[in-house]
Amino acid sequence: SDYMRLFSGALIDHNFNNPAGAIDKIQRMYDEYNAQMGGNVFSLFWMMSDNLAKLGHYEAAHGICTSLLAQGREYMDKETQTAYETNATLFGLKSQWPIMAVVDAKTNYEISFIVKDEQIKFKAESGKKRFSAMLDSASQITIIDRELAQQLELNISADSIQFNETRCPLTLLDTLQLGDAKYVNVVCAVLPLRDVGVTDCSMILGNDMLCLFPEIELDYEHCRLHLRSQYDILPNTPRNLMFNKVPYIQAKIDGLPATILWDTGSNKSSIEPHFYNTHRDQLPATSKHGRKRGKTATGKTSRLKYAILPLIELTVGDKTGKMNSLYMIEDMPHSELMGVPFDATLGAVPPVEFKRLTINFREMYFIVR
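First, a word on what this report is: a plain description of the structure on this page. (Residues numbered from 1 in each chain as written. Predicted model: local features only at pLDDT ≥ 70, side-chain atom pairs only at ≥ 80, totals over all residues. Heavy atoms only, no water.)

So, the overall build of the protein chain
Heads up, the condition is: A run of H or I in DSSP becomes a helix once it reaches four residues, and a run of E becomes a strand once it reaches two; helices and strands are each numbered from the N terminus. The quantity called the radius of gyration is restricted to C-alpha atoms. Its globule counterpart is 2.2 Å times the number of residues to the power 0.38. In this scheme, a residue with accessible area under 20% of its type's maximum is buried, one over 50% is exposed, and one in between is partly exposed, where area comes from a 1.4 Å probe on protein chains only. We call two residues in contact whenever any of their non-hydrogen atoms come within 4.5 Å of each other. Computed by Shrake-Rupley with a 1.4 Å probe, the accessible areas treat only the displayed protein chains as cover when residues are assessed. Counted as positive: Lys and Arg. Counted as negative: Asp and Glu. His and the chain ends are not counted at all. To locate a charge, the coordinates of NZ of Lys, CZ of Arg, CG of Asp or CD of Glu are taken.
A count of helices and strands for the protein chain gives ten helices and 22 strands. At 21 Å, the protein chain has a C-alpha radius of gyration in line with the 21 Å of a compact globule built from 369 residues. Each principal axis of the C-alpha distribution contributes one length, and for the protein chain these read about 55 × 55 × 45 Å. Here the protein chain holds 369 residues, and 51% of them are scored as buried. Excluding contacts between residues fewer than 6 apart, the proportion of contacts in the protein chain whose partners are at least 24 apart in sequence is 63%. A total of about 17,700 Å² of accessible surface is found on the protein chain, and carbon and sulfur atoms cover 48% of it. The average position of the 39 basic charges and that of the 44 acidic charges among the side chains of the protein chain differ by 5 Å.

Observations concerning the environment of Glu 313
By secondary structure assignment, the location of Glu 313 is in strand β18 (residues 299–316). Discounting residues that sit within four places of it in the chain, Glu 313 has contacts with Lys 252, Ile 253, Asp 254, Thr 320, Gly 321 and Lys 322.

Considerations on the sheet that holds strand β11 (residues 215–219)
The cut-off we apply is this: Between any two strands, at least two bridges found by DSSP are needed for them to pair. Inter-axis angles, ranging from 0 to 180 degrees, are taken between N-to-C directions of lines fitted to C-alpha atoms, where helices are fitted over the stretch in contact.
Strand order in the open sheet formed by five strands is β2-β12-β11-β21-β22, and the pairing between neighbours is antiparallel. Among the strands making up the open sheet, the edge pair consists of β2 (109–112) and β22 (365–368). When the angles between neighbouring strand axes are averaged without regard to direction, this sheet yields 15 degrees. As defined by bridge partners, β2 adjoins strand β12 (residues 224–228) across four bridges and the pair is classed as antiparallel. Paired with Ile 111 across the bridge in β12 is Leu 225.

So, the nonpolar core
This is how it is decided: Here, the term nonpolar core denotes a set of buried Ala, Val, Leu, Ile, Met, Phe, Trp, Tyr and Cys residues that are joined through side-chain atoms within 4.5 Å.
Residues Leu 176, Tyr 183, Ile 253, Trp 262 and Phe 366 are the most contacted members of the largest nonpolar core, which totals 66 residues. Leaving out residues up to four positions away in the same chain, Tyr 183 has contacts with Ala 101, Val 102, Asp 174, Thr 175, Leu 176, Leu 178, Met 209, Leu 212, Phe 213 and Leu 227.

Observations concerning unusual backbone geometry
One non-glycine residue, Asp 117, lies in positive phi territory at about 55 degrees. Checked against the element boundaries, Asp 117 lands in the loop between β3 (114–116) and β4 (119–126). The residue Lys 128 is not glycine, and still its phi comes out positive at about 65 degrees. For Lys 128, a relative accessible area of 81% translates into the label exposed.

Some points on the packing of aromatic side chains
Centre-to-centre distance and the angle between the planes together describe a pair of aromatic rings. What counts here: Here is the rule: rings of Phe, Tyr and Trp (six-membered ring for Trp) pair when centre to centre is within 6.5 Å. Planes less than 30 degrees apart are stacked, more than 60 are edge-to-face, and the remainder are tilted.
Going through the model one piece at a time under the given rule, you end up with twelve aromatic pairs. Measuring from ring centre to ring centre gives 5.3 Å for Tyr 30 and Phe 45, while their planes differ by 85 degrees; the resulting arrangement is edge-to-face. With Tyr 30 in helix α2 (residues 19–32) and Phe 45 in helix α4 (residues 40–54), the pair connects residues that are 15 residues apart, well separated along the chain. The class for Tyr 30 is partly exposed, based on a relative accessible area of 38%. A connected cluster of aromatic rings, assembled from ring pairs, spans Tyr 3, Phe 7 and Tyr 33.

Side note on the side chain of Asp 343
We apply this condition: Whenever a carboxyl oxygen of Asp or Glu lies within 4 Å of a side-chain nitrogen of Lys or Arg, that contact is scored as a salt bridge.
With respect to the helices and strands, the residue Asp 343 is situated in the loop between α10 (334–338) and β20 (344–346). Comment: no salt bridge for buried Asp 343; closest opposite-charge side chain is Lys 252, at 13 Å. Apart from residues lying up to four places away in sequence, Asp 343 is in contact with Pro 257, Ala 258, Thr 259, Ile 271, Glu 272, His 274 and Phe 275.

Thoughts on α2
Put simply, the rule is: Expected helix span is given by 1.5 Å per residue-to-residue step, counting one fewer step than there are residues.
Compared with an ideal rise of 1.5 Å per residue, which puts 14 residues at 20 Å, α2 spans 20 Å between its outermost C-alpha atoms and is within 8% of the ideal. Listed in full, the buried residues belonging to α2 are Pro 19, Gly 21, Ala 22, Ile 23, Ile 26 and Met 29.

A closer look at the pairing of β22
Residues of β22 alternate between two faces, with Tyr 365 and Ile 367 on one and Phe 366 and Val 368 on the opposite face, all of them buried. Pairing between strand β21 (residues 356–360) and β22: four bridges, direction antiparallel. If you follow Leu 357 over to β22, its bridge partner there is Val 368. The loop that links β21 with its antiparallel partner β22 comprises four residues; one of these, Met 364, has a positive phi angle of about 60 degrees.

Dropping the structure here:
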C-alpha cells in the first residue's frame, strides 16, 4: 500500500542517514493517511524530531518533543519520558546556540593519533589550552571534563540531560583545534571524567564531530585520521552501515551474519551473550572465565562475569581478520545497556589484518582495506 511504502521508506531513510527523505515521508503520512497512523504517530514524530535536528532545525525539533511530552506524558513509562525530556532540553539549548561546524569544511584533513591503552588518543587545543582527547565513535555527543570546562571559563547550562547512567549539564565550546581542523560551536556534555577513572584525557570526541564530513578514514598503519570533504568511487556492493545515532556494521562472525556496533570508546571488542548462545555449536568454546570491573565515562558498575573466546574471524565486506581474546560479558549484555539490538562490538583496535577503516556517512559504507 502507499501508506506502508511511505512508512518503510521513512524507516530506511532514518537509518541510512537521509534525514530530508524521512521528514518528507512522515509529513506525507500525516497529511494523507492520518487515520492510519494510529499509535505510530508518537514514534514517527519522535523520529521526525531527530531528523530535523540532523539538518540543524533545532527549534522545530524542540517544538515536536515538547508537544509530544504534553500530549503523552501520563501514558509514557519513565524511560521513554526521560528520553523525550532529554531531547527537548538538548534541542532547546541547541536552538539558542550557533550550529557546530568546521571552519573550512571543503578541505581534507589528516590528523595524527596514537593508540594507547587500546584507545585512540589525540592532541587537542582550545583557548590556548592544550589537552588530550580520545575518540568514541559510539558517543552521540562530545564530552568535556568538568575541570577543563572550568579552566576555559565556559558557561554551563542550568538544565541537564540524561546521559547513560547519569545526568549532566551542557556547554558550548567556542573553538576546538584537532591538527589543522578547526571546529567551532562544539556542544559538549560536562562530566567529571577524573572521578570515574578517566585520568589521561580531558575530552571524549563523539561521532557528532565525525559526521560533519561525508567520509572519514582511520589509518592504523600510519596512525592518521583522515577527514574528507569529498570521497572516491565507492564499491559496487550493498550498503553495510546503519546509523541510528550510533554506527552499526553488517558483518560476519566466523561466517555467521551479524550486526556489529562500532565503538572506539571500548578498548576491548566483545560478543553479545545472546549471539553466542544462539550459535554456540558453530563458535569456538570459551577458554577462560573470570570477573572484571566494568567502567564507562559516566560511572563504574560492579564486577562483571565474563568469558573469553580465544579466536574468531571477523569479515567486513570482502576482508577477513582474526580477533583474539574476544570478551563476552555474561551478566551485562552491552546491547541491553545501549537499548538497541546488535550482536557484537568492534572496539578501538581492529584485527591486525585491518589496516584502514573507511566510513562513508553519505552512502552508508564501512570499508576495510
